[in-house]
Amino acid sequence: MPITSLVIKKLYPIVKLLLARVEKSEKNSKLQNLTALSFLELTNAIVECGLPKFRAKQIWSWVWRHGVTDFQDMNNIAKPVRAELAKHFVITRPGISRRQQSSDGTLKWLIRLGDGQEAETVYIPEKDRGTLCISSQVGCTLTCSFCHTGTQRLVRNLSVDEICGQLLLAMDELGDWPSGNSSRRLTNVVLMGMGEPLFNYDNVAQAIKIIMSGDGVAISKRRITLSTSGIVPGIARCGEELGINLAISLHAVTDTLRNDLVPINKKYNLKTLIDSVRNYPGLSNARRVTWEYVMLDGVNDSPEDAKALIKLISGIPSKINLIPFNPWPGSQYNTSRPDKIERFADIVLKAGYPSPVRTPRGSDILAACGQLKSESVRLRAPERA
């Protein structure tokens with residue numbers, strides 16, 4: 001059937017809009033995203049454009065204190081300078097493919113990245129704080145048997161701007177600008193989302209340094225926690241270079257069981273892991289390492305397991321987060337019964353270790369610990385050709 005002029009007339013505005021979006025996307029991909037740059041890198045980039053150094057401080061403040069995404073809103077910078085900046089740079093956020101809100105107030109965003117891949121970010125509101133759980137990779141390479149994210153193979157690392165962009169997007173949604181606002185809802189950051197952050201250390205470290213900057217969002221290192229499954233070389237580096245809080249995804253007290261639950265244990269066994277944590281800089285009773293321990297019915301929740309855990313971490317200033325297993329479609333485990341969790345917690349507490357039982361948050365939207373998984377998949381080689 002021939003296409004009538006009426007159909008062409010109706011389709012033309014849609015086609016024109018789509019082409020404009022593609023053109024804009026291609027143009028932006030060639031420009032440097034300022035949210036990926038440290039202050040020093042921003043200063044150097046500004047100078048390379050022929051602008052004076054002092055402009056960098058102005059721009060940094062607009063991006064990281066005020067959340068501005070359009071150079072035209074930087075009203076203390078002359079219009080010709082703004083126009084020049086727009087020729088070289090962009091200030092972008094990840095897109096949002098889906099936004100979900102749990103019955104308990106937890107927010108989960110499925111973020112869309114520039115290449116079409118997706119990752120998940122979760123905001124958890126509490127009475128005295130608001131914690132953002134950030135992803136560091138699309139997918140994960142660790143294949144922990146109890147973790148939904150582990151069933152999604154690794155696609156790629158997230159870049160600095162994609163890591164920072166999760167925080168910026170959340171602050172946009174929460175109305176947290178300017179960042180110095182005393183009523184700011186986002187107060188804490190945890191690297192506990194999709195991926196193993198220490199397998200993307202360089203990008204994660206740069207993003208954390210930007211987030212900690214006193215002239216920007218200014219989240220203190222004492223309010224940032226990095227969770228790792230036990231990448232021993234990265235633990236030492238993190239402590240020396242960043243000094244942020246450390247959480248260890250432990251879940252077992254024997255190598256035999258941990259090899260199954262957390263396969264990276266085959267490379268860095270419990271003794272190697274415990275020794276690296278024992279030497280983590282800055283540990284004290286006022287600043288403890290957190291051991292994350294998911295409670296799996298009949299697997300790791302016996303009184304004997306609790307006693308072995310106490311022996312394993314002896315002498316290390318510690319807090320133990322007991323996490324009731326959060327079921328996900330196809331999982332092989334069940335959640336420990338409340339009475340077994342309570343008995344486990346009592347044994348650990350009597351040994352002198354705080355052992356809060358983590359209340360599952362956002363489980364109705366698969367936003368709880370171990371439930372994150374996007375729909376992104378790695379392209380097969382023929383598809384990339």
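Here, the structure is the one placed above.
First, a word on what this report is: a plain description of the structure on this page. (Residues numbered from 1 in each chain as written. Predicted model: local features only at pLDDT ≥ 70, side-chain atom pairs only at ≥ 80, totals over all residues. Heavy atoms only, no water.)

Helix and strand content of the chain: 12 helices and 13 strands. In the chain, buried positions account for 51% of the 385 residues. Pairs at least 24 residues apart make up 66% of the contacts formed inside the chain by residues separated by at least 6 positions. Per element, the accessible surface of the chain, about 18600 Å² overall, is 52% carbon and sulfur. (Helix = DSSP H or I, 4+ residues; strand = E, 2+ residues; numbered from the N terminus. Buried < 20%, exposed > 50% of the residue type's maximum accessible area, 1.4 Å probe, protein only. Contact = heavy atoms within 4.5 Å. Areas by Shrake-Rupley, 256 points an atom, 1.4 Å probe, with all protein chains shown as cover.)

The next point concerns the packing of helix H2 (residues 39–48) against helix H3 (residues 54–64). One way to put it is that H2 packs onto H3 with a least axis distance of 9 Å and a crossing angle of 125°. Between H2 and H3, the angle is such that the two are oblique. Considering the relative orientation of H2 and H3, their crossing is right-handed. Here Phe39, Leu42, Thr43 and Ile46 of H2 lie close against H3, whose contacting residues are Arg55, Ala56, Lys57, Ile59 and Trp60. (Axes fitted to C-alpha atoms, helices over the stretch in contact; angles between N-to-C directions. Parallel < 35°, antiparallel > 145°, perpendicular 65-115°, else oblique. Left-handed = near helix turned anticlockwise from the far one by under 90°.)

Right, let's talk about unusual backbone geometry for a bit. Here the residue pair Trp177 and Pro178 is connected by a cis peptide bond, since its omega of -5° sits within 30 degrees of zero. Tracing the chain through its elements places Pro178 in the loop between helix H5 (160–174) and strand S9 (188–191). Although it is not a glycine, Ala218 sits at a positive phi angle of roughly 60°. Looking at the element boundaries, Ala218 is found in the loop between helix H6 (201–212) and strand S10 (224–228). A relative accessible area of 33% places Ala218 in the partly exposed class.

So, about the pattern of salt bridges. Under the criterion given, the structure shown has 13 salt bridges. Ionic pairing is found between Glu162 and Arg156, a salt bridge with its closest N-O pair at 2.9 Å. One salt bridge connects Lys340 with Asp301, and the closest N-O pair in it is separated by 3.2 Å. Of this pair, Lys340 sits in helix H11 (residues 338–350) while Asp301 sits in the loop between strand S12 (289–295) and helix H10 (303–312), and the two are 39 residues apart along the sequence. For the pair Lys340 and Asp301, a shared accessibility class is recorded, and that class is buried. (Salt bridge = Lys/Arg side-chain N within 4 Å of Asp/Glu carboxyl O.)

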